[in-house]
Amino acid sequence: MNIGYLGMKNSFSMEMVTRLQAECPGDRFIEWPPVGAESDLDVLIAVGPVKPEVFKAQAKLGLFQMASAGYDGVDVEAATEAGVWVASAPTGKTGNGESVAEHAVLLMLAAARRLNEELAFSRAGAENRPEKPQGNKALFGKTVCIVGLGGIGELLVERLRGFGMVLTGVDRHPEHASAGVKAYGEHELRTALADADFVVLALPATKENENMFDAGVLASMKEHAILVNVARGTLVDEAALLAAVRSGHLYGAGLDVTKDEPVSAGNALLGEPRIVVTPHIAGSTDLMLDGSVKFLVEVLENYRKGLKSAGILNEPKKPRVELR
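Colleague: Sorry if this is basic, but what is going on with the packing of helix α1 (residues 11-23) against helix α11 (residues 286-304) here?
Modeller: Between two packed helices, the angle of one axis relative to the other and the distance separating the axes together describe the packing. Where α1 contacts α11, the axes come no closer than 10 Å and their chain directions differ by 40 degrees. Here α1 lies oblique to α11, going by the angle between them. For α1 against α11, the interelement crossing comes out right-handed. Here Phe12, Glu15, Met16, Arg19, Leu20 and Glu23 of α1 lie close against α11, whose contacting residues are Met288, Leu289, Asp290, Ser292, Val293, Leu296 and Val297. A class-by-class count of the residues in the contact of α1 with α11 yields eight nonpolar, one polar and four charged.

This is how it looks when you write it as structure tokens:
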């Protein structure tokens, strides 16, 4: 098969491709878009957005497979009309969920302990050291509200139990929350935020929830709370977040995602020491690398056999390749 890979420029993604090539020696892997002549693709594996034109331009393309759980940059409707199957990589299949949940804890701790300021203090010379920040927060006994109690949210719940936190959450289906979690429906978001010392975003991004955390919602958060986002940058109004932190209403924030990625050096968020920003690396671990390669090899093997794999998102009426 001709297998294209799109948006894979960093070392983590390229190592994934290298391992896939080793596991699937009979297949031809092509960087997409290709340099030189066009190539007929059977499968396209991607990290990040894809232009909808590719679905029509590639007449043989039968499967568009995300190498990640997110698919907000994919026009699923356009693919469906073209007869192309679209699939994501479920967090529970790749180690992504565990990795992102761990990173969420890291960001909670970094913001609570004002890590940027503490590191600046440690690294400064004795004559240039600023006054050491005081009043850092502990997690023990605090209330955390996890917005999005899906795979990552539930894995985060498991990890935060050990910190002795009071667990709450907001979800479309609050009745599915695990034991010990006080769950609220989507319409009760502001009620849930009012009592939370930490708020963690772990929900998928959609057009409907763009800038979900705007100035009004941020204002409804408990005074001196901390916001952590390991979902998508589109969920947060960044200017409003910066203003809320600078005013002192929020104690700080931890972000693994921003609206402009990779985050530009001039982004104002980077200039605020009480906002910890990491470059969308929450899932980039050895666990996820191993899990992603294993999962994608299974996907390709199933595709050859005409079988669906976990993560299929659509059901084309006239699929180019029949899958059962």
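This is not the end of the story, as more comes after the structure.
Colleague: Help me out: how do you make sense of the packing of helix α5 (residues 96-112) against helix α7 (residues 151-161) in this one?
Modeller: Relative orientation of the contacting elements α5 and α7 amounts to 55 degrees, with a least axis distance of 8 Å. The pairing of α5 with α7 is recorded here as oblique in orientation. As for how α5 packs across α7, the hand of that crossing is right-handed. In contact with Asn96, Gly97, Glu98, Val100, Ala101, Glu102, Ala104, Val105 and Met108 of α5, α7 contributes Ile152, Leu155, Leu156, Arg159 and Leu160.

Colleague: How should unusual backbone geometry be read in this particular structure?
Modeller: Note the cis peptide between Trp32 and Pro33, where omega equals 0 degrees. Glu261 connects to Pro262 through a cis peptide bond whose omega is 0 degrees. Secondary-structure assignment places Pro262 in the loop between β11 (250-255) and β12 (275-277). In this structure, Asn211 takes a positive phi of about 55 degrees despite not being glycine. With respect to the element layout, Asn211 can be found in the loop between β9 (198-201) and α9 (215-220).

Colleague: What is the right way to read the pairing of strand β2 (residues 28-32) from this model?
Modeller: Consecutive side chains of a regular strand alternate in pointing toward one face of the sheet and then the other. Note that strand β1 (residues 2-6) and β2 share five bridges and pair parallel. Its bridge partner lying in β2, Leu6 is registered against Trp32. Between β1 and its parallel partner β2, the chain crosses via α1, and the hand of that crossover is right-handed.

Definitions and cut-offs
- Residues numbered from 1 in each chain as written.
- Predicted model: local features only at pLDDT ≥ 70, side-chain atom pairs only at ≥ 80, totals over all residues.
- Heavy atoms only, no water.
- Axes fitted to C-alpha atoms, helices over the stretch in contact; angles between N-to-C directions.
- Helix = DSSP H or I, 4+ residues; strand = E, 2+ residues; numbered from the N terminus.
- Parallel < 35°, antiparallel > 145°, perpendicular 65-115°, else oblique.
- Left-handed = near helix turned anticlockwise from the far one by under 90°.
- Contact = heavy atoms within 4.5 Å.
- Nonpolar A, V, L, I, M, F, W, Y, C, P; charged D, E, K, R; others polar.
- Pairing = 2+ DSSP bridges.
- Right-handed = clockwise from strand over helix to strand, strands pointing away.

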